[in-house]
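Residues per chain are reported as follows:
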Amino acid sequence: QVQFVESGGALVQPGDSLRLSCAGSGTLFSVYDMAWYRQAPGKERELVAHIVRRGSTGYADSVKGRFTISRDNAKNALYLQMNSLKPEDTGVYYCNAGQYSGGKYYSTNSWGQGTQVTVSS
């Protein structure tokens, strides 16, 4: 079973940038499509971005043009570059290994502890 460790979260001001990282163990990232999710206080976990095995990406409308997802299969790593951060980006961010099919990302039930991102002035 794949295990994840997310890192890079911090308290930042609106307009700042952050780069989140996800390190995986237990299996090879290269066999999975991957994604970043986030969960804001009192809200359900939502899909932020996904990247398929061959590198195509997709984003939630709320982050398009500001966030960039990338992967390094050789390092079993997933990244999320977040620019022009807004208070509504606040939440705990999680990575996930799953499958993208038919225009939808299907997550697996393997979650790390997440990393906290707080955007506040």
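Structure: see above.
Below is a summary of the structure that appears in this document.

Parameters and conventions
Residues numbered from 1 in each chain as written. Predicted model: local features only at pLDDT ≥ 70, side-chain atom pairs only at ≥ 80, totals over all residues. Heavy atoms only, no water. Salt bridge = Lys/Arg side-chain N within 4 Å of Asp/Glu carboxyl O. Helix = DSSP H or I, 4+ residues; strand = E, 2+ residues; numbered from the N terminus. Buried < 20%, exposed > 50% of the residue type's maximum accessible area, 1.4 Å probe, protein only. Pairing = 2+ DSSP bridges. Axes fitted to C-alpha atoms, helices over the stretch in contact; angles between N-to-C directions. Phe/Tyr/Trp six-rings, centres within 6.5 Å; stacked < 30°, edge-to-face > 60°. Lys NZ or Arg CZ within 6 Å of the ring centre and 35° of its normal. Core = buried A, V, L, I, M, F, W, Y, C linked by side-chain atoms within 4.5 Å. Contact = heavy atoms within 4.5 Å.

### A short note on the pattern of salt bridges
Part 1 of the reasoning: One pass over the structure, following the stated rule, counts five salt bridges.
Part 2 of the reasoning: For Asp 33, the salt bridge is made with Arg 53, and the minimal N-O distance between the two is 3.5 Å. Here Asp 33, found in strand E4 (residues 33-39), pairs with Arg 53, found in the loop between strand E5 (46-51) and strand E6 (57-59); they are 20 residues apart in sequence, far enough to count as distant.
Part 3 of the reasoning: On the basis of relative accessible area, Asp 33 is assigned to the buried category, the value being 4%.
Part 4 of the reasoning: Ionic pairing is found between Asp 61 and Lys 64, a salt bridge with its closest N-O pair at 3.2 Å.
Part 5 of the reasoning: The network of salt bridges with shared partners includes Arg 38, Glu 46, Arg 66 and Asp 89.

### Some thoughts on the sheet that holds strand E1 (residues 3-7)
Part 1 of the reasoning: An order of E1-E3-E8-E7 is seen for the four strands of this open sheet, with the pairing classed as antiparallel. For this open sheet the edge positions go to E1 and strand E7 (67-72), each flanked by a neighbour on one side alone. Across the sheet, the mean angle from the axis of one strand to that of its neighbour is 15°, orientation sign disregarded.
Part 2 of the reasoning: Sheet analysis places E1 next to strand E3 (residues 18-25), joined by five bridges and oriented antiparallel. Considered in E3, the bridge of Phe 4 is made with Gly 24.

### Points about the packing of aromatic side chains
Part 1 of the reasoning: Across all of its chains, the model carries four aromatic pairs by this definition.
Part 2 of the reasoning: Between the aromatic rings of Tyr 37 and Tyr 105, the centroid separation amounts to 6.1 Å while the plane-to-plane angle is 55°, which identifies the pairing as tilted. Placement of the pair is Tyr 37 in strand E4 and Tyr 105 in strand E10 (residues 104-107), with a sequence separation of 68 residues.
Part 3 of the reasoning: Taking relative accessible area as the criterion, Tyr 105 reaches 6% and is therefore assigned buried.
Part 4 of the reasoning: With 6.1 Å between their ring centres and 80° between their planes, Tyr 94 and Trp 111 make a pair best called edge-to-face. A residue pair is termed long-range when its members are at least 10 positions apart, and Tyr 94 in strand E9 (residues 91-101) and Trp 111 in the loop between E10 and strand E11 (115-119) qualify at 17 residues.
Part 5 of the reasoning: Members of the aromatic cluster, each reached through a chain of ring pairs, are Tyr 37, Tyr 94, Tyr 105 and Trp 111.
Part 6 of the reasoning: Lying over the aromatic face of Tyr 79, Arg 19 brings its terminal NZ or CZ to 4.0 Å of the ring centre.
Part 7 of the reasoning: Arg 45 extends its terminal NZ or CZ atom over the ring of Trp 111, reaching a point 4.2 Å from the ring centre.

### Some points on the nonpolar core
Part 1 of the reasoning: Judged by nonpolar contacts, the single largest core of 25 residues is most densely connected at Phe 4, Trp 36, Phe 67, Leu 78, Leu 80, Met 82 and Tyr 93.
Part 2 of the reasoning: If you list the elements that add at least two residues to this core, you get E3, E4, E5, E7, strand E8 (77-82), E9 and E11.
Part 3 of the reasoning: Here Phe 4 is in contact with Cys 22, Ala 23, Gly 24, Phe 29, Met 34, Cys 95, Asn 96, Ala 97, Ser 110, Gly 112 and Gln 113, once residues within four sequence places are set aside.

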